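# Secondary and tertiary structure notes
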Amino acid sequence: MSWKRRARDERSYHHGNLREALIKAARELIAEKGPAGFTFADAARSAGVSPAAPYRHFRDRDALMADVAREGFMRFEAMLTTGWANGKPDPITAFHNVGRAYLTFARSEPAYYAAMFESGLPPDINPDLRAAADRAFAVLRTAADSLVALLPAGKRPPSLMMSLHLWAMAHGIASLFGRGDAGRRTLPMTAEELLESEMLIYLQGLGFPKNA
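Residues numbered from 1 in each chain as written. Predicted model: local features only at pLDDT ≥ 70, side-chain atom pairs only at ≥ 80, totals over all residues. Heavy atoms only, no water.

## A look at the overall build of the chain
Worth spelling out the cut-off: Going along the chain from the N terminus, every DSSP run of H or I of four or more residues is numbered as a helix, and every run of E of two or more is numbered as a strand. Relative accessibility decides the category of a residue: with a 1.4 Å probe and only protein chains considered, values under 20% of the type maximum give buried, values over 50% give exposed, and everything between is partly exposed. Throughout, a contact is declared for two residues whenever any of their heavy atoms are within 4.5 Å.
Per the secondary structure count, the chain includes nine helices and zero strands. Going from N to C terminus, the chain has its helices and strands arranged as α-α-α-α-α-α-α-α-α. When the 212 residues of the chain are sorted by exposure, 42% land in the buried category. Considering only residue pairs separated by 6 or more positions, the chain has 70% of its internal contacts joining residues 24 or more positions apart.

Here you go:
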């Protein structure tokens with residue numbers, strides 16, 4: 001890229017577009033090379049700016065990756081919320097739908113998923129990232145709270161435990177079988193069918209009726 005072209009490109013980012021361009025470039029590089037497969041300079045090059053330009057918005061590569069992850073968690077929260085649908089048509093069905101939404105996100109947004117869960121970033125590297133992750137997990141907690149309330153008072157498992165179990169089940173299946181990339185394992189059923197059967201066994205073990 002000539003210095004004239006570079007100057008034109010960088011001027012085009014003066015109104016806040018540089019941050020978005022770098023996040024988009026990082027997301028594309030993650031999809032192509034994985035979360036550890038590119039440098040800060042690679043992201044700048046992919047965005048069409050000089051190696052120094054990203055420092056206007058990001059301290060370093062980790063800060064850029066944290067912003068990609070934050071944006072991913074925001075999208076993740078929205079997808080889980082849609083799956084939960086305020087517990088409709090009933091909490092059991094909605095609980096299953098949250099799990100399906102988890103798998104859908106992993107399959108449709110593999111770059112965000114990798115930035116969120118596979119980048120090795122400390123969860124507290126950025127308060128905005130931590131808050132976005134907490135809001136997404138809160139959807140699972142809300143679903144578990146509603147489900148627990150269906151059982152008799154003396155037989156209710158801790159809702160936090162249930163939400164962590166749902167997270168572990170959905171995340172494990174998504175990582176092993178439900179990804180939209182070359183890392184996906186083969187399975188003689190769909191990832192959704194596997195998760196549904198696992199959740200049915202889990203809920204029955206907690207005392208929920210088979211046909212609830």
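## Observations concerning unusual backbone geometry
In this structure, the amide linkage connecting Lys 88 to the following residue, Pro 89, adopts the cis form with an omega of 5 degrees. Along the chain, the position of Pro 89 falls in the loop between helix H4 (61–84) and helix H5 (91–108). Positive phi, close to 55 degrees, is recorded for Asn 86, a residue that is not glycine. Residue placement: Asn 86 occurs in the loop between H4 and H5.

## Quick look at the environment of Ala 106
By secondary structure assignment, the location of Ala 106 is in helix H5. With 64 residues separating them along the chain, Ala 106 and Ala 170 place their C-alpha atoms 9.8 Å apart.

## Some remarks on H5
An α-helical turn contains 3.6 residues, so a residue and the one three or four places further along point in the same direction. Put simply, the rule reads: Multiplying 1.5 Å by the residue count of a helix minus one yields the expected span of that helix. We call two N or O atoms a polar contact when they sit within 3.5 Å, provided that within protein one can donate a hydrogen and the other can accept it, with sequence-adjacent residues counted only if both atoms are side-chain atoms.
A rise of 1.5 Å per residue sets the reference length of H5, with its 18 residues, at 26 Å; its end C-alpha atoms lie 25 Å apart and thus fit the reference within 8%. Where H5 is concerned, the buried positions are Ile 92, Ala 94, Phe 95, His 96, Val 98, Gly 99, Ala 101, Tyr 102, Leu 103, Phe 105 and Ala 106. Buried residues along H5 sit against H4, helix H6 (110–117), helix H7 (127–148), helix H8 (159–176) and helix H9 (191–205). Taking the backbone nitrogen of Ile 92 as reference, a side-chain oxygen 3.1 Å away marks Asp 90 as the first, capping residue of H5.

## As for the packing of aromatic side chains
Stated formally: In summary, the pairing rule links any two rings of Phe, Tyr or Trp, Trp by its six-membered ring, whose centres are within 6.5 Å, and it sorts them by plane angle into stacked for under 30 degrees, edge-to-face for over 60 and tilted for everything else.
Evaluation of the coordinates by the stated rule reveals eight aromatic pairs. Here Phe 73 and Phe 117 contribute two aromatic rings whose centre-to-centre distance is 5.6 Å and whose plane-to-plane angle is 80 degrees, an arrangement assigned as edge-to-face. In this pair, Phe 73 sits in helix H4 while Phe 117 sits in helix H6, placing the two residues 44 residues apart along the sequence. Take Phe 73: its relative accessible area is 8%, and that puts it in the buried class. Ring geometry for Phe 76 versus Phe 117: centroids 6.2 Å apart, planes at 85 degrees, classification edge-to-face. Taken as a pair, Phe 76 in helix H4 and Phe 117 in helix H6 lie far apart in primary sequence, 41 residues in all.

## A closer look at the packing of helix H2 (residues 17–33) against helix H3 (residues 40–47)
As a reminder, the rule being used: Only C-alpha atoms enter the line fits that serve as axes; for helices the fit covers just the stretch in contact. Angles between N-to-C directions range over 0 to 180 degrees. Any angle from 65 to 115 degrees is called roughly perpendicular, while one under 35 is roughly parallel, one over 145 is roughly antiparallel, and all others are oblique. Here is the rule for handedness: rotate from the far helix to the near one, and if that takes an anticlockwise turn smaller than a right angle the crossing is left-handed, while a clockwise turn gives right-handed. For this classification, Asp, Glu, Lys and Arg are treated as charged, while Ala, Val, Leu, Ile, Met, Phe, Trp, Tyr, Cys and Pro are nonpolar and the rest, including Gly, are polar.
For the pair H2 and H3, interaxial distance at closest approach is 8 Å and the crossing angle is 110 degrees. Comparing the axis directions of H2 and H3 gives the class roughly perpendicular. When the axes of H2 and H3 are compared, the crossing they make is right-handed. Here Ala 21, Leu 22, Ala 25, Glu 28 and Leu 29 of H2 come into contact with H3, specifically with Asp 42, Ala 43, Ala 44, Ser 46 and Ala 47. Here the contact of H2 with H3 is composed, by residue class, of seven nonpolar, one polar and two charged.

## Some thoughts on the layout of surface pockets
Note the threshold: Computed over the protein atoms alone on a 1 Å grid, cavities are sets of points where a 1.4 Å probe fits but cannot get out and pockets are open sets with protein on both sides within 12 Å along at least five of seven lines; a residue lines them when it has an atom within 4 Å of a point. Grid points are joined across faces, edges and corners, and a volume is the space filled by probe spheres set on the points.
In this structure, the largest pocket encloses a volume near 370 Å³. Phe 73, Met 116, Phe 117, Pro 123 and Ala 133 are the residues nearest the centre of the largest pocket, which is lined by 22 residues in total. If one sorts the elements of the lining of the largest pocket by residue count, H7 sits on top with seven residues. Each residue belonging to the lining of the largest pocket can be placed in one class, and the counts come to 17 nonpolar, two polar and three charged.

## So, the packing of H4 against H6
Closest axis-to-axis distance for the H4/H6 pair is 8 Å, and the angle between their directions is 115 degrees. Here H4 runs over H6; the crossing is left-handed. When H4 is examined against H6, the residues Met 65, Val 68, Ala 69, Glu 71, Gly 72, Phe 73, Arg 75 and Phe 76 are found in contact with a partner set consisting of Tyr 112, Ala 115, Met 116 and Phe 117. Partitioned by chemical class, the residues of the contact of H4 with H6 number nine nonpolar, one polar and two charged.

## Some remarks on the pattern of salt bridges
Pairs can form between side chains of opposite charge whenever their charged atoms are close. Stated precisely, the cut-off is as follows: For this document, the term salt bridge refers to a Lys or Arg side-chain nitrogen within 4 Å of an Asp or Glu carboxyl oxygen.
Throughout the structure, instances matching the rule amount to 12 salt bridges. Here Arg 19 makes a salt bridge to Asp 67, at a shortest N to O gap of 2.6 Å. Taken together, the positions of Arg 19 in helix H2 and Asp 67 in helix H4 put the pair 48 residues apart, joining distant regions of the chain. Among the residues examined, Asp 67 registers a relative accessible area of 6% and is labelled buried.

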